[in-house]
Amino acid sequence: MAIRVFLLLLLFLSSAIVSFSLYEDQAGLADWHQRYIGKVKHAVFHTQKTGRKRVIVSTEENVVASLDLRHGEIFWRHVLGTKDAIDGVGIALGKYVITLSSEGSTLRAWNLPDGQMVWETALSSAHHSKSLLSVPINLKVDKDYPITVFGGGYLHAVSAIDGEVLWEKDFTAEGFEVQRVLQPLGSTVIYVLGFVNLSEAVVYQIDSKIGEVVAQKSMVFPGGFSGEISSVSSDKVVVLDSKKSILVTIGFIDGDISFQKTPVSDLVENSGNAEILSPLLSNMLAVKVNKRTIFVKVGGEGKLEVVDSLSDETAMSDSLPVADDQEAFASVHHEGSKIHLMVKLVNELDNVLLRETIQMDQHRGRVHKVFMNNYIRTDRSNGFRALIVMEDHSLLLLQQGAIVWSREEGLASVTDVTTAELPVEKDGVSVAKVEHTLFEWLKGHVLKLKGSLLLASPEDVVAIQELRVKSSGKNKLTRDHNGFRKLILALTRAGKLFALHTGDGRIVWSMLLKSQACERPNGISLYQWQVPHHHAMDKNPSVLVVGRCGSDSSAPGVLSFVDVYTGKKITSSDIGHSVVQVLPLPFTDSTEQRLHLIADTVGHVHLYPKTSEALSIFQREFQNIYWYTVGADDGIIRGHVMKSSCSGETADEYCFTTRELWTVVFPSESEKIISTLTRKPNEVVHTQAKVNTDQDLLYKYVSRNLLFVATVSPKGAGEIGSVTPEESSLVVYLIDTITGRILHRLSHQGCQGPVHAVFSENWVVYHYFNLRAHKYEVTVVEIYDQSRAENKNVWKLILGKHNLTAPITSYSRPEVFTKSQSYFFAQSVKTIAVTSTAKGITSKQLLIGTIGDQILALDKRFVDPRRTLNPSQAEKEEGIIPLTDSLPIIPQSYVTHSHRVEGLKGIVTAPSKLESTTHVFAYGVDLFYTRLAPSKTYDSLTDDFSYALLLITIVALVAAIYITWALSEKKELSEKWR
Amino acid sequence: MTQIIRSSPVLAFIGLQICFIFFASTLTCTSGSEDSYTITGRVKIPPSNVIGHTAKFSNVKVLLNGGLKITFLRPDGYFTFHKVPAGTHLIEVSAMGYFFSPVRVDVSARHRGKVQATLIETRRSLTEMVLEPLKEEQYYEIREPFNVMNIVKSPMGLMVGFMVVVVFLMPKLMENIDPEEMKQAQEEMRRQGVPSLTSLLPGAGASR
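Here the structure is a predicted model, which means the values were calculated and not measured.

Assigned secondary structure in chain A consists of 8 helices and 64 strands. Burial statistics for chain A: of 978 residues in total, 53% are counted as buried. In chain A, of all internal contacts separated by at least 6 residues, the share reaching a separation of at least 24 is 51%.

What follows is the structure, given as structure tokens:
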């Protein structure tokens, strides 16, 4: 009976739809969420006498945000679309934040306190051009000065109150590019200076009320301009000529134009090409020449003279009015591990208002940008604070000689992620402190019990949270039993490597890539270089960071080897060739370094590590190394094989030539490759066999060499809404990458991309758009091995008449068959990933990064081709869900619960030691980490498990036994007396 | 376990009907030059008593064609997409705590940018472009209030229950057994001695 009940219970548990679900008080226990904004491009301070002090920033990740100036926290932020790059920020009327984006075609106003969008205006634009935003600084709030915007050949005046376009001026015919807009205070005439074809300077005087041109003057400059411009005063700008050797001062007083040429060589001897730096200083400009920064003072008649010169590594802010017509600016330069912040008056460079020296972390690199703000101290003197942007994209506020706060904004542009183990706890180091006293232990559990029974007061809930965090020891820097504590290694676009702790997301160490060949290499990708087994070798694991000197793919690569435990660089080398593809090979040498092949643009591959041992291992496997390249532009997939050592051309014995083995050519007129995908190389598959309900056996076709390719007709490669269903079709292929054989082809008529896919074990799930139904669809394709299908008879297995031990080779033609099924899905998708566990036993969940920047966990059972409309009893028992036309979106199964991973780019999963559990890390502008148990934690007790209840039950039972024993004794005694 | 609230689309439907009466003036207006049009609409979120209404409003995003264009809501809930070419488009609303159906929007080139909107999930065409959430989304499981049944159903509860059954019901059952039989059984037990583990094993039993 008990067994039957147990079986029923088990059945009930297995058939119930297990979804990730969380109670509200569990949020933040196993997960963390970090909010970032990205590398700051513009910053505008808003430090009125009253109210909160804030700084409005716009970033390279298209974020506009309001930060608390005291603590660096985000008051509000908005992530604009990926193509909606911000060109300018300003504050209008003292209450609106104005942003100009999309090359000057979108103007938005945001409410300063809460970030609510107030108005949005689309401006006409004819072509791509530099854009310009000019927000008037008005002293009287009630008077509405228009905002002037130039972009795409049009000049607009927009009312700051409601975003209404007051007038627009079409300059597209003349090819006039506005460089500066000047609005003298109290005047209705605005001066617009610009260039025509970079050879003619034109000044328009326009009535700011009606947009009528009052006057126009132009003057041709024979040499032509280079486009770099710096305005030095209200009626003067300085430009460089096209040869970058002459500084031209253009005066446009009252609409009259005058040129004054000053060769750079007059200012500095032996000068090369000059470059005007961006900071705006009054009556002065900063020019970079001969790797030095010189300050050039502009005299009343446009006369230039050098007043100061600084080293190249100096960053400067715009100048800022400080009392009595004086203007000051901040400059920051490095000296060893320190930075010097100086605030000087523009007119008297010797008069240093502020000189501060601050210790700076070496791994932040140089200072890229400085934004300065002043405030009046209590003693009525000027105080200064500086917001600096470092080379690693971090943002720091300096005030009174100290770093008030810092934000690691590099983490907003993660390019690659991998995970690493923490060090093993050494003997002698105290293991987690034993629970203080039994009483406290019991108290804690009683609290937990109260929480789970909803009897806890708010104070109790806080106490429970604290207790949980403390007792779990999740923040320790050592390995734990369950593998819950790990390091997440994240490489950022700035070329900085971060190690984050999975417990609380703090940065354990960080390291900026360095190279001799170039100033600062970009980070491309991360690989596990050496993962020593800690029993066998006392050595720290290391990762390989592949970087590149420049953005071009033919630029020389840089390899760095980084110790995972300490974050110290072991070695780094400029490899002298380009990096197109990095292939980790399935071989390791005696020190457990993994062999890697790096392919360059010339068609050679290079073996790393460059040791003779690695070479001998490689020579042994020389014939068995294949790889492929995908030419998305020409629609060809090529398979390559090793040919010989390229000793004939170079003396490098670690360099090899390759030859083409096969090609798959997609007809360019009908198919265009939009997505390719392979399985994760380190994925574990528990079993190849899959038992059907009717005791039938299916063998999964598990191959590491399968490539999923999706193509669309060229017309359908554009956005949704640009094609009709008849014009577009989507075709997916499964290709064997050793032989180039197409194993499966499936075509979807009337569908288009973008395709987001995930490949695991023997199945592919992909998401695309169905134009006919005008809905997104998800299709699953499972691939099975037909040649092994005969091995189901037990007798055959016993008598050895099976082919299970027959070698698997890619050369023989595999007999495969596929099963597929499609479903509707109600949302756009940004990325899809799949959970991965240590042994691959636990059922899998798809992690779907939706357009709303949330991550939805969807059981693989929902995308099972065996789903039917009316599953039989046996199928139901097995857990097959009745077929529905669309996949369910269950709100409780959002793993991000109430968070958004803004700007979601990718999801990475890694197994923990506990089979049921997997690590999930999502990155974008934000970072999010959580632990998932796709089939619940069947192999350990949950955090919720109430030990107190267990204890109380046992005590109660023991008490009951004693009482009943005593009672029965008594009864027996009384019976005997009778 | 989770549940999908089935009745909410119906409620939303009724809600939409009501809002049509009040917001009949809302226009799905378009204007524009040759081939670029404007889509204007409005997002209406019923005031929620759980979390502040305005706090959520500023975090609503409206996405055209899978995030190709993103716009935000004005304080009155209106949004506009500018420079949209004629064709069939997809509008999605991303708001924390609410599920919105994607909307199919046909911008006609022939009728100077006339816009026709259809809710994809419910296949209902909208006469005005007013988007309402299909349902509210609750991201957390709701803890069930304290319940005696829960305790009883938990493994510990079952254990206690079983013990109670043994302690209180077994004697009752024993009483029903004939005392003579009982004595016989007891005697038999005594004769066999205390049953040991070895005697239970088949091998040990055979050797005896």
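Turning next to the sheet that holds strand β60 (residues 845–850) of chain A. Residue and element names in this part refer to chain A. Here 3 strands make up an open sheet; going across it, the order is β59-β60-β61 and the pairing antiparallel. The open sheet has two edge strands with one neighbour each: β59 (829–834) and β61 (855–859). The sheet shows a mean angle of 25 degrees between the axes of neighbouring strands, direction not considered. Where β60 and β61 come together, 5 bridges link them in antiparallel fashion. The residue of β61 that forms the bridge with Leu-847 is Ala-857.

Moving on: the sheet that holds strand β40 (residues 542–548) of chain A. All names here are of chain A. Pairing within the open sheet is antiparallel, and its 4 strands lie in the order β39-β40-β41-β42. Edge positions in the sheet fall to β39 (522–530) and β42 (569–578), since each has one partner strand and no second. Adjacent strand axes in the sheet meet at a mean angle of 20 degrees when their direction is disregarded.

All right, on to the UniProt feature "transmembrane region" (unreviewed entry) in chain B then. With numbering matched to this structure, UniProt assigns "transmembrane region" (unreviewed entry) to residues 156–174 of chain B. The distance from the first to the last C-alpha atom of residues 156–174 of chain B is 26 Å, and the span holds 100% helix and 0% strand.

Another aspect to go through is the packing of aromatic side chains. Residue and element names in this part refer to chain A. Counted according to the given criterion, the structure contains 22 aromatic pairs over all chains. Taken together, the ring pairs in this structure connect Trp-32, Phe-921, Tyr-923 and Tyr-929 into an aromatic cluster. Directly above the ring of Trp-763 sits Lys-860, whose terminal nitrogen or CZ lies 4.8 Å from the centroid. The ring centre of Phe-484 lies 3.9 Å from the NZ or CZ of Arg-931, which sits over that ring.

A separate point is the environment of B:Ser101. Residues and elements named next belong to chain B. Mapped onto the secondary structure, Ser-101 falls in the loop between β6 (98–99) and β7 (103–107). In this structure Ser-101 comes out as buried when scored by relative accessible area, which is 4%. For Ser-101, the contacting residues outside a window of four places in its chain are Leu-119, Ile-120, Glu-121 and Leu-134. Looking at Ser-101, its side chain comes within polar contact range of the main-chain nitrogen of Glu-121, at 3.1 Å.

Let us look at the packing of helix α8 (residues 947–977) of chain A against helix α4 (residues 155–176) of chain B. At a minimum axis distance of 10 Å, the contact between α8(A) and α4(B) shows a crossing angle of 10 degrees. Taken as axis vectors, α8(A) and α4(B) run roughly parallel relative to one another. Contacts between α8(A) and α4(B) pair A:Leu949, A:Leu950, A:Thr953, A:Leu957 and A:Thr964 from the former with B:Met156, B:Met159, B:Val160, B:Met163 and B:Val167 from the latter.

With that settled, the discussion passes to the pattern of salt bridges. For the coordinates displayed, the defined rule picks out 30 salt bridges over all chains. Between A:Glu408 and A:Arg364 there is a salt bridge, and its shortest N-O distance comes to 2.9 Å. Residue A:Glu408 is located in the loop between β34 (402–407) and β35 (414–420), and its partner A:Arg364 is located in the loop between β30 (352–359) and β31 (367–376); the two are separated by 44 residues in the primary sequence. Using a relative accessible area of 15% as the deciding quantity, one classes A:Glu408 as buried. For A:Arg364, a relative accessible area of 10% gives the class buried. The closest approach of N and O atoms between A:Lys844 and A:Glu761, which form a salt bridge, is 4.0 Å. One end of the pair, A:Lys844, is in the loop between β59 and β60; the other, A:Glu761, is in the loop between β55 (751–760) and β56 (763–770), and 83 residues separate them in sequence. In this pair, the class of A:Lys844 matches that of A:Glu761, namely buried. Each of A:Lys830, A:Asp853, A:Arg900, A:Glu902 and B:Lys61 takes part in a single network of salt bridges with overlapping partners.

Quick look at empty space enclosed by the protein now. Overall, the coordinates contain 7 cavities of 30 Å³ or more when judged by the stated rule. Taken as a whole, the largest cavity spans an internal volume of roughly 140 Å³. As for the largest cavity, its lining consists of 17 residues, and the residues nearest its centre are A:Gln827, B:Val93, B:Ser94, B:Ala95 and B:Tyr98. Those elements that place two or more of their residues in the lining of the largest cavity are β5 (87–94) and β6 of chain B.

Cis peptide bonds are those with omega within 30 degrees of zero, and the linkage from A:Tyr608 to A:Pro609 qualifies with 0 degrees. By the element assignment, A:Pro609 lies in the loop between β45 (604–608) and α5 (612–620). The phi dihedral of A:Glu103 is positive, around 50 degrees, even though this residue is not glycine. By the secondary structure assignment, A:Glu103 is in the loop between β7 (96–101) and β8 (106–111). We note that B:Lys83 has phi near 55 degrees; this positive angle belongs to a residue other than glycine.

What follows concerns helix α5 (residues 179–192) of chain B. With 14 residues, α5(B) extends 20 Å between its outermost C-alpha atoms, agreeing within 8% with the 20 Å of an ideal straight helix rising 1.5 Å per residue. Of all 14 residues that make up α5(B), 0 are buried, and the element is exposed over most of its length.

Once that is clear, we can look at the interface of chain A and chain B. Taken residue by residue, the interface counts 66 residues in chain A and 52 residues in chain B. If you sort the residues of chain A by the area they bury against chain B, A:Gln116, A:His774 and A:Arg900 come out on top, with a joint share of 12%. At the junction of chain A with chain B, the criterion picks out 2 salt bridges. A salt bridge links B:Lys61 to A:Asp853, with the shortest nitrogen-to-oxygen separation between them at 3.6 Å. Applying the counting rule to chain A against chain B returns 12 residue pairs in polar contact (both at pLDDT 80 or more). Listing elements by their share of the side of chain A that touches chain B, those giving two or more residues are β5 (74–79), β8, β9 (117–122), α3 (438–452), β57 (775–785) and α8 of chain A. Of the residues contributing to the side of chain A that touches chain B, the split by class is 28 nonpolar, 24 polar and 14 charged.

Residues and elements named next belong to chain A. With respect to the helices and strands, the residue Asp-926 is situated in the loop between β63 (918–923) and β64 (927–932). Asp-926 gets classed as buried once you look at its relative accessible area, which sits at 0%. Polar side-chain contacts of Asp-926 include one of 3.3 Å to the backbone nitrogen of Tyr-36. In this structure, Asp-926 is in contact with His-33, Gln-34, Arg-35, Tyr-36, Arg-77, Arg-900, Val-901 and Glu-902, ignoring residues within four places of it in sequence.

Cut-offs applied
- Residues numbered from 1 in each chain as written.
- Chains lettered and ligands numbered in written order.
- Predicted model: local features only at pLDDT ≥ 70, side-chain atom pairs only at ≥ 80, totals over all residues.
- Heavy atoms only, no water.
- Helix = DSSP H or I, 4+ residues; strand = E, 2+ residues; numbered from the N terminus.
- Buried < 20%, exposed > 50% of the residue type's maximum accessible area, 1.4 Å probe, protein only.
- Contact = heavy atoms within 4.5 Å.
- Pairing = 2+ DSSP bridges.
- Axes fitted to C-alpha atoms, helices over the stretch in contact; angles between N-to-C directions.
- UniProt positions renumbered as here; feature names shortened; annotations may be inferred.
- Phe/Tyr/Trp six-rings, centres within 6.5 Å; stacked < 30°, edge-to-face > 60°.
- Lys NZ or Arg CZ within 6 Å of the ring centre and 35° of its normal.
- Polar contact = N/O pair within 3.5 Å; in protein donor to acceptor, adjacent residues only side chain to side chain.
- Parallel < 35°, antiparallel > 145°, perpendicular 65-115°, else oblique.
- Salt bridge = Lys/Arg side-chain N within 4 Å of Asp/Glu carboxyl O.
- 1 Å grid on protein atoms, 1.4 Å probe; cavity = no way out; pocket = protein on both sides within 12 Å on 5 of 7 lines; lining within 4 Å.
- Points joined across faces, edges and corners; volume = space filled by probe spheres on them.
- Expected span 1.5 Å × (residues − 1).
- Buried area = accessible area lost by both parts, 1.4 Å probe.
- Nonpolar A, V, L, I, M, F, W, Y, C, P; charged D, E, K, R; others polar.

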